[in-house]
Amino acid sequence: MLVRIVRMTFASDKVDRFLAHFDKAAPHIRSFPGCHHLELWRDIDSPTACTTYSQWESPEALDEYRDSDLFHRTWSTVKPLFADRPRVQSYTVARPARTIDDAARQASGSRNT
């Protein structure tokens, strides 16, 4: 699993255009092969900053999306709206939530015995 976080800062008069475009593109991105999750976050302290959080099957799945017409069309629409360069981070999942949940259940069970 690959987690991709992209923080984008927009010109204040362009945020609504970005949000409208995201609403149209998001279902297509989310249904792209290999995409397991997609969310858009908006910064509480800086409302012109938005962050996408996505989970991909693998780095190769993300690369296939990034090479797709969908990505190129989406990026060409979004890029002119930026007030600053986007910041991109990719992560592998070192400890999945289900593993932590299982450990918490086991720890809770051992306290009850």
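Structure: above.
Here goes a summary of the coordinates provided. (Residues numbered from 1 in each chain as written. Predicted model: local features only at pLDDT ≥ 70, side-chain atom pairs only at ≥ 80, totals over all residues. Heavy atoms only, no water.)

What about the sheet that holds strand E1 (residues 2-9)?
Spatial ordering of the open sheet is given by E2-E3-E1-E4, a layout of four strands whose pairing is antiparallel. Of all the strands in the sheet, just strand E2 (35-42) and strand E4 (87-92) have a single pairing partner and so form its edges. The sheet shows a mean angle of 15° between the axes of neighbouring strands, direction not considered. Strand contacts of helix H1 (residues 15-30): E1, E2 and strand E3 (49-56), with the helix running at about 165° to E2, the strand carrying the most contacts. (Pairing = 2+ DSSP bridges. Helix = DSSP H or I, 4+ residues; strand = E, 2+ residues; numbered from the N terminus. Axes fitted to C-alpha atoms, helices over the stretch in contact; angles between N-to-C directions. Contact = heavy atoms within 4.5 Å.)

A few points about H1
Compared with the 22 Å implied by 1.5 Å per residue over 16 residues, the 21 Å span of H1 between its first and last C-alpha is a close match. Those residues of H1 not exposed but buried are Val15, Phe18, His21, Phe22, Ala25, Ala26 and Ile29. Buried residues belonging to H1 abut E1, E2, E3, helix H2 (59-66) and helix H3 (69-78). (Expected span 1.5 Å × (residues − 1). Buried < 20%, exposed > 50% of the residue type's maximum accessible area, 1.4 Å probe, protein only.)

Observations concerning the pattern of salt bridges
The tally for this structure, following the rule as stated, stands at three salt bridges. Across the pair Arg7 and Asp43 runs a salt bridge whose closest N-O atoms are separated by 3.0 Å. Taken together, the positions of Arg7 in strand E1 and Asp43 in the loop between E2 and E3 put the pair 36 residues apart, joining distant regions of the chain. Note that Lys14 is salt-bridged to Asp13, the shortest N-O span being 3.7 Å. Overall, the relative accessible area of 58% leaves Asp13 in the exposed class. (Salt bridge = Lys/Arg side-chain N within 4 Å of Asp/Glu carboxyl O.)

Considerations on the nonpolar core
Of all hydrophobic cores here, the largest spans 23 residues; its most connected members are Met8, Phe10, Phe18, Ile29, Trp56 and Tyr65. Broken down by secondary-structure element, the contributors of at least two residues to this core are E1, H1, E2, E3, H2 and H3. The dominant element in this core, judged by the number of residues it contributes, is H1, at six residues. Setting aside anything within four residues of it in sequence, one finds Tyr65 in contact with Ile29, Phe32, Trp56, Leu70 and Phe71. (Core = buried A, V, L, I, M, F, W, Y, C linked by side-chain atoms within 4.5 Å.)

A short note on the pairing of E3
For E3, the tally of buried residues reaches seven of eight residues, placing the bulk of the element in the interior. Relative to E3, E1 is paired through eight bridges, and the arrangement is antiparallel. Within E3, the position partnered with Met8 by the bridge is Cys50. Pairing of E2 with E3, which is carried by seven bridges, proceeds in the antiparallel orientation. In the sheet register, Glu39 faces E3, and the bridge partner there is Tyr53. What sits between the antiparallel neighbours E2 and E3 is a turn of six residues.

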